[in-house]
Amino acid sequence: MKRREFLKISLGSAALAALSREARALTSIKEIRVGYQKNGVLVIARQQAVLEKHFSSQGIDVKWIEFSSGPPMLEAMNVGSVDYGAVGDSPPVFAQAAGAAIVYAAGQPITNGQGILVPPNSPIRSIADLKGKRVGFTKGSSAHNVIVQTLEKAGLSYSDIMPVYLTPPDAGPAFANGSIDAWSIWDPYFAIGETRQNGCILVNASEITKTNSFYIANRDFAKSHGAVLQQLIDVTSSAAKWAEAHRDEVAKSLSAITGIPLDIQTVAANRSSFAVGPITDDIVATQQGVADRFFKLGLIPKPVVVRDAVWKPVQT
């Protein structure tokens, strides 16, 4: 048997994948793979090519990979297919509980742009009315956290509703045709539900709890290319500062990249928060609360310590 064949059999696919990641880490990086969704600062960064402009002088290309939600992005990041990306608060908790190779690189407080919608003329008028209803949301997403904390505030338990796990593209039609009674969702889908499907806001997430979104990196990438990761964060932060002051142009950028109509992206842009900063103690405490709540409900298999996954830049 040839030595290469023997190694392939004895090491197995998981070990080979680890070796592949190690080999990538030991070589000078030639490409950064960035995961993004249909909202947020990274969409603006892509439209303006700010990462490409920044890294071109270093001979580094940028590859953009779109995801419908955070969980599949972090699955891809765990296996080394994505280096850096933005997600809501719940996906990293589920990923960390599963032992995923990720780190929290930067944070972004969310002040608006997500909540729970009900159809027009729905009999649901209060959170208490969700009892026994079919509530759609993406499992392991920020919308999952919103519904959990909303129920808690009203004195209801997770078992009081009928969760319907749907991706945003699938949840939209289900909401429109009455297959679900309520929809926990984020922008721009939140704005689509309001403006195109005449949905009524049952509750804004900002009325329920503090929430954050995060810039997450593959753990091996962060360990081996910390200087590059810091540059990614710095450029992202600069794009966020520009976005705060140019919301009309942000809406145009979001619409151009995502194909979602300008009026919808305008609603989303006008109520978004863009500021990107370090992972503070307050953000860690808030995120730990999310993790503890999910473990208590049996939604994750083991408790996690959020701080263990916070990236610590190497001081030079």
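The sections below set out a description of the structure shown in this document. (Residues numbered from 1 in each chain as written. Predicted model: local features only at pLDDT ≥ 70, side-chain atom pairs only at ≥ 80, totals over all residues. Heavy atoms only, no water.)

A separate point is the nonpolar core. Ranked by size, the top nonpolar core spans 58 residues in total, and within it Tyr 104, Leu 130, Ile 147, Trp 183, Ile 216 and Phe 294 carry the most contacts. Core analysis: the next-biggest nonpolar cluster, separate from the first, contains 37 residues, Val 34, Tyr 84, Val 103 and Val 235 among them. (Core = buried A, V, L, I, M, F, W, Y, C linked by side-chain atoms within 4.5 Å. Buried < 20%, exposed > 50% of the residue type's maximum accessible area, 1.4 Å probe, protein only.)

A few words now on the sheet that holds strand β6 (residues 134–137). Here we have five strands laid out as an open sheet, ordered β7-β6-β8-β5-β9, and mixed in their pairing. Each edge of the sheet is formed by a strand with only one pairing partner; in this case those strands are β7 (162–165) and β9 (200–204). Neighbouring strand axes in the sheet, compared pairwise and without regard to direction, differ in orientation by 30 degrees on average. Direction of pairing for strand β5 (residues 114–118) relative to strand β8 (residues 182–186): antiparallel, over a ladder of four bridges. Bridge pairing links Ile 116 to Ser 184 in β8. Packed on one face of the sheet, helix α7 (residues 168–176) meets β5 and β8 and runs near 145 degrees to β8. (Pairing = 2+ DSSP bridges. Helix = DSSP H or I, 4+ residues; strand = E, 2+ residues; numbered from the N terminus. Axes fitted to C-alpha atoms, helices over the stretch in contact; angles between N-to-C directions. Contact = heavy atoms within 4.5 Å.)

The next point concerns the sheet that holds strand β10 (residues 211–218). An order of β2-β1-β3-β10-β4 is seen for the five strands of this open sheet, with the pairing classed as mixed. Both outer strands of the open sheet, β2 (61–66) and β4 (102–110), are each paired with one neighbouring strand and no more. Averaged over all pairs of adjacent strands, the angle between strand axes in this sheet comes to 20 degrees, irrespective of strand direction. Bridge analysis of strand β3 (residues 84–87) against β10 gives four bridges, and the strand direction is antiparallel. Across the sheet, residue Val 87 finds its bridge partner in β10, namely Phe 214.

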